[in-house]
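Spelled out, the chains give:
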Amino acid sequence: MVKSKQVEQKQHTALGYLRISDKKQIKGESKANQKAAIQNYADTNGIKVIQWFYDEAKSGKNAERDELQSMIRLAMKMKGQINYVLVYKMSRASRDVETYITQIRSVLAARGIKIRSVTEPFDDSPIGKFVETLYVSVAQLDNDTKREMVVDNMTRIAKQGF
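The following paragraphs examine the structure supplied in this document. (Residues numbered from 1 in each chain as written. Predicted model: local features only at pLDDT ≥ 70, side-chain atom pairs only at ≥ 80, totals over all residues. Heavy atoms only, no water.)

**Examining the overall build of the protein**
When helices and strands are tallied, the protein shows 6 helices and 4 strands. Going residue by residue from the N terminus, the α and β elements of the protein occur as β-α-α-β-α-β-α-α-β-α. Within the protein, buried positions represent 36% of all 162 residues. Summarising the internal contacts of the protein: among those between residues at least 6 apart in sequence, 74% fall at separations of at least 24. Counting every atom, the protein has about 10,200 Å² of accessible surface; 54% of that belongs to carbon and sulfur. (Helix = DSSP H or I, 4+ residues; strand = E, 2+ residues; numbered from the N terminus. Buried < 20%, exposed > 50% of the residue type's maximum accessible area, 1.4 Å probe, protein only. Contact = heavy atoms within 4.5 Å. Areas by Shrake-Rupley, 256 points an atom, 1.4 Å probe, with all protein chains shown as cover.)

Quick look at the structure:
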């Protein structure tokens, strides 16, 4: 008689990262909504969120965010113990492709940590990595377009004497 060995599956662990850039976001992407979506994703996928980080009223155009930096420092200390950083959307992680790749993704990837958006599916395949970067690129395009529109409007108003 052969006894079957029960395979013990190690539970994956994650850090949760939440960010809102201004108070206007509270309706759709509030801290509570982001956290609930991340927790639901984690529960559904057998991931334990061991710590949460929250940046309020911080731009996603750079990585100079206190809680983001605290999260990265913790991830560096816990190499081999953290599998994921979970975000609501990739725009919560970054709205600038260069910053995202050089200061967030590459730092975490060097420690074996993957970033996952709980609302935007992608994986580690070549296409998945492209899609991940595409989500950040779309957020950057949105920022750049808004900035251009504001400058145009301010210039037009200034020419009218206001």
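That shown, we press on.
**Comments concerning the sheet that holds strand β3 (residues 84-87)**
Strand order in this open sheet of 4 strands is β2-β1-β3-β4, and the pairing throughout is parallel. Every other strand in the sheet has two partners, leaving β2 (47-56) and β4 (114-117) as the edge strands with one partner each. Averaged over all pairs of adjacent strands, the angle between strand axes in this sheet comes to 25°, irrespective of strand direction. Where helix α3 (residues 66-77) meets the sheet, it contacts β1 (12-20), β2 and β3, and its direction lies at approximately 150° from that of β2. (Pairing = 2+ DSSP bridges. Axes fitted to C-alpha atoms, helices over the stretch in contact; angles between N-to-C directions.)

**Here's the deal with α3**
For α3, with 12 residues, the first-to-last C-alpha span of 17 Å sits near the 16 Å given by 1.5 Å per residue. Along α3, the residues classified as buried are Leu-68, Met-71, Ile-72, Leu-74 and Ala-75. In a view along the axis of α3, the buried residues occupy a sector of 160°, so they form one face of it. Turned more than 90 degrees away from the buried face of α3, the exposed residues are Asp-66 and Lys-77. (Expected span 1.5 Å × (residues − 1). Arc of directions from axis to C-beta.)

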